[in-house]
Amino acid sequence: MDERLDAIFASFKGEKNELIPILQEVQEELGYLPDEAMRQVAHFLRLPESKVFGVATFYARFHLQPRGRHIIRLCCGTACHVRGARKVSDRVKEVLAVEVGQTTGDRKYTFEQVACIGACGLAPVMTIDEKTFGKLTPDRAKEILTSYGDGAEGGRE
Ligand code: FES
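Residues numbered from 1 in each chain as written. Predicted model: local features only at pLDDT ≥ 70, side-chain atom pairs only at ≥ 80, totals over all residues. Heavy atoms only, no water.

For the protein chain, the helix and strand inventory stands at seven helices and four strands. Element order for the protein chain, N to C, with α for helix and β for strand: α-α-α-α-β-α-α-β-β-β-α. Referenced to the eigenvectors of the C-alpha coordinate spread, the extents of the protein chain come out at roughly 50 × 35 × 25 Å. Classification of the 157 residues of the protein chain by burial places 41% in the buried group. Surface exposure of the protein chain reaches about 8,800 Å², of which carbon and sulfur atoms provide 49%. (Helix = DSSP H or I, 4+ residues; strand = E, 2+ residues; numbered from the N terminus. Buried < 20%, exposed > 50% of the residue type's maximum accessible area, 1.4 Å probe, protein only. Areas by Shrake-Rupley, 256 points an atom, 1.4 Å probe, with all protein chains shown as cover.)

Turning next to the domain arrangement of the protein chain. Under the domain assignment, the protein chain is made up of domain 1 (2-58) and domain 2 (70-153). Here the C-alpha centre of domain 2 lies 32 Å away from the C-alpha centre of domain 1. (Domains from an automatic or database assignment.)

What follows concerns unusual backbone geometry. Of the consecutive residues Ala 123 and Pro 124, the connecting peptide bond is found in the cis state with omega at -5 degrees. Tracing the sequence through the fold places Pro 124 in the loop between β2 (109-114) and β3 (126-128). The residue Arg 46 is not glycine, and still its phi comes out positive at about 50 degrees. Tracing the backbone shows Arg 46 in the loop between α3 (35-45) and α4 (49-58). Since its relative accessible area comes to 62%, Arg 46 is described here as exposed. Non-glycine residue Ala 97 carries a positive phi angle of around 60 degrees. Secondary-structure assignment places Ala 97 in the loop between α6 (85-96) and β2.

So, about the pattern of salt bridges. Here the idea is simple: oppositely charged side chains can pair when their charged atoms come close. All told, the structure shown has eight salt bridges when counted by the stated rule. Taking the shortest distance from any N to any O, the salt bridge between Arg 4 and Glu 29 comes out at 3.4 Å. Linking Arg 4 in helix α1 (residues 2-9) with Glu 29 in helix α2 (residues 19-30), this pair joins segments that are 25 residues apart in sequence. A relative accessible area of 38% places Glu 29 in the partly exposed class. The closest approach of N and O atoms between Asp 139 and Arg 91, which form a salt bridge, is 2.7 Å. You can see Asp 139 sitting in helix α7 (residues 138-147) and its partner Arg 91 sitting in helix α6, a full 48 residues away along the chain. By relative accessible area, Arg 91 is classed as partly exposed at 22%. (Salt bridge = Lys/Arg side-chain N within 4 Å of Asp/Glu carboxyl O.)

Moving on to the environment of Arg 91. Arg 91 sits 49 residues away from Arg 140 along the chain, and the two C-alpha atoms are 9.8 Å apart. Every residue in contact with Arg 91, bar those within four places of it in the chain, is listed here: Pro 138, Asp 139 and Lys 142. (Contact = heavy atoms within 4.5 Å.)

In structure tokens form, the structure reads like this:
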């Protein structure tokens, strides 16, 4: 990790206002922000570690835990909720053996719930990476996950 961080730091001046862009680059490189990486960012910018951790936890775009290779986002907006998103969510959690916000043990999937994604006509809706799946039922959601290969067993290591 050190070499990768050094390569990132080399393109910055070490000024305090570079904190957010540096965190973004570190996250792009490592997939998330491990504690040790944030300590090194603090050292590079001569900032208190608490400041770096504070910024990283404040912004939803920063992730402090490893993320899955596929990001599943289930809409929990009103239209989706009314049309059964909760049952779909329960099935996804069961199939992957994770709770909302968690990543499967094999780091294949991260399951998130999000507010309206603007496809209410297709409710209930989920996305997997850039793909959108609409008019879901719990069984359909399971089929979709199964179609991603061994996804159905993803969390059961
Ligand atoms: S409420 Fe789910 S897409 Fe709008």
